[in-house]
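# Survey of secondary and tertiary structure
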Amino acid sequence: MTPTDGPLHVAIIMDGNGRWAKQRGLPRTFGHREGVKALKRTVEAASGLGVDTLTVFGFSTENWRRPMAEVSELMSLLKAYVESDLERLVREGVKVRVIGRRTGLKPDILAVIDRAEARTAHNTRFLLQVAFNYGGRADITDAARRFAEDVEQGRARAADLDEAMFEQRLSTADTPAPDLIVRTSGERRLSNFLLWECAYAELVFQDVYWPDYGPDHLRAAIAEFRARERRYGGAASDDVLAAG
Ligand code: FPP
């Protein structure tokens, strides 16, 4: 498999909303609102750039530590995004899936998530995964708990556990792992995003605050990805030919 084969799963850590706002002397919430516009631009452009799955980090299990006003703004933005864009997403064949813990989310947010998933459940052209109340470690812990429960109930045997069985219990079950993980704003960390799924992902860090992000940035990240050679633990293709 070369980096130019097949549609891509791109995952994005949309970072820098707060700094974008601060630079302009605006409250952080303005940055998040502009961040939603950037998200819309990026979703619109993605399939034209060879992407068939986009996973975005909307709210992490650690984001609860932020001031209450900011937390409720992020919750409202998810709601507003679904309310304004759901019918267009339905028409455009986008399947929406929200990954992360449902516990702790208020009933109105849960209802919006359920509606978005139900209305788009039969779409197959493009998958938009929104990580919301998501943490990689929490997701792995939850998967381990589900497996332990299955063993307790006699539905599985500990000795049979393999990676594929474990993956089936993650919230990303049935979605191929990301090919490319992008983080904006210049920070170079994964911050608890897709910890299991990132095993062979290429990482691209872009020095742009998320509210300024758009199709050209995504195109550049994909170009960088395509210029790399993925080896999945094997040898470089030149070396294989030379040994051949
Ligand atoms: C990081 O910026 C961004 C977030 C914590 C949230 C991302 C959310 C959006 C783009 C808008 C909402 C979208 C959905 C789907 C709810 P930061 O606040 O950490 O920025 P900073 O590091 O500059 O402070």
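Everything below is about the structure shown above.
The model shown is predicted, which means the values in this text are computed figures rather than measured ones. (Residues numbered from 1 in each chain as written. Predicted model: local features only at pLDDT ≥ 70, side-chain atom pairs only at ≥ 80, totals over all residues. Heavy atoms only, no water.)

A large share of strand β2 (residues 51-60) lies buried, amounting to 8 of its 10 residues. For strand β1 (residues 8-13) and β2, the ladder comprises 5 bridges, and the chain directions are parallel. Bridging from a neighbouring strand, Ala11 pairs with Thr55 of β2. Where β2 and strand β4 (residues 126-134) come together, 7 bridges link them in parallel fashion. Its bridge partner being in β4, Ser60 is matched across the sheet by Tyr134. (Buried < 20%, exposed > 50% of the residue type's maximum accessible area, 1.4 Å probe, protein only. Helix = DSSP H or I, 4+ residues; strand = E, 2+ residues; numbered from the N terminus. Pairing = 2+ DSSP bridges.)

Across all of its chains, the model carries 23 salt bridges by this definition. Between Arg169 and Asp150 there is a salt bridge; the shortest N-O distance is 2.8 Å. Of this pair, Arg169 sits in the loop between α6 (163-167) and β5 (180-184) while Asp150 is found in helix α5 (residues 136-152), placing the two residues 19 residues apart along the sequence. In terms of burial, Arg169 and Asp150 fall into one category: buried. The residue Glu187 makes a salt bridge to Arg189 at a minimum N-O spacing of 3.2 Å. The exposure class assigned to Arg189 is partly exposed, which follows from its relative accessible area of 44%. Shared partners join several salt bridges into a network, and the residues in it are Asp15, Arg19, Arg183, Glu187 and Arg189. (Salt bridge = Lys/Arg side-chain N within 4 Å of Asp/Glu carboxyl O.)

Let's shift gears to the sheet that holds β4. Read from one edge to the other, the open sheet built from 6 strands follows the order β3-β4-β2-β1-β5-β6, with strand pairing classed as parallel. Every other strand in the sheet has two partners, leaving β3 (94-99) and β6 (202-206) as the edge strands with one partner each. In this sheet, adjacent strand axes meet at a mean angle of 20 degrees when their direction is disregarded. Set on the sheet, helix α3 (residues 68-91) makes contact with β2, β3 and β4; between it and β4 the angle comes to about 165 degrees. (Axes fitted to C-alpha atoms, helices over the stretch in contact; angles between N-to-C directions. Contact = heavy atoms within 4.5 Å.)

Here we come to the site of the ligand. In the neighbourhood of the ligand, 20 residues make up the surrounding shell, with Met14, Gly18, Arg19, Arg28 and Arg66 lying closest. Between Asp15 and the ligand, the recorded distance is 3.1 Å, taken from a side-chain N or O atom to an oxygen atom. Measuring from an oxygen atom of the ligand, one finds a side-chain N or O atom of Arg28 at 2.8 Å. Every element with two or more residues in the shell around the ligand is listed here: α1 (17-23), α2 (28-46), β2, α3 and β4. Top element by residues in the shell around the ligand is α2. It accounts for 5 residues. Split into classes, the residues belonging to the shell around the ligand amount to 9 nonpolar, 7 polar and 4 charged. (Near = heavy atom within 4 Å. Polar contact = N/O pair within 3.5 Å; in protein donor to acceptor, adjacent residues only side chain to side chain. Nonpolar A, V, L, I, M, F, W, Y, C, P; charged D, E, K, R; others polar.)

Our focus in this paragraph is the packing of α3 against helix α4 (residues 107-119). As a packed pair, α3 and α4 sit with axes 10 Å apart at the nearest point and diverge in direction by 20 degrees. The orientation of α3 relative to α4 falls into the category roughly parallel. Relative to α4, the crossing made by α3 is left-handed. Residues Met75, Leu78, Lys79, Val82, Glu83, Leu86, Glu87 and Val90 of α3 lie in contact with α4, whose contacting residues are Asp108, Ile109, Val112, Ile113, Arg115, Ala116 and Arg119. (Parallel < 35°, antiparallel > 145°, perpendicular 65-115°, else oblique. Left-handed = near helix turned anticlockwise from the far one by under 90°.)

We now examine α2. Over its 19 residues, α2 extends 27 Å from the first C-alpha to the last, a length consistent with the 27 Å expected when each residue adds 1.5 Å. Those residues of α2 lying buried are Thr29, Gly31, His32, Gly35, Val36, Ala38, Leu39, Thr42, Val43, Ala45 and Ala46. On its buried face, α2 sits against β1, α1, β2, α3, β4 and α7 (215-226). (Expected span 1.5 Å × (residues − 1).)

A separate point is the side chain of Thr175. Take Thr175: it is sitting in the loop between α6 and β5. Residues within four places of Thr175 in sequence aside, it is in contact with His9, Thr53, Arg97, Leu127 and Gln129.

Counting through the fold element by element, Val71 comes out in helix α3. Separated by 42 residues in sequence, Val71 and Thr29 have C-alpha atoms that sit 9.5 Å apart. With residues up to four places along the chain from it excluded, the contact list for Val71 reads Phe59, Asn63, Trp64 and Arg66.

Note that every value here comes from positions in space, so none of it alone points to a role or purpose.
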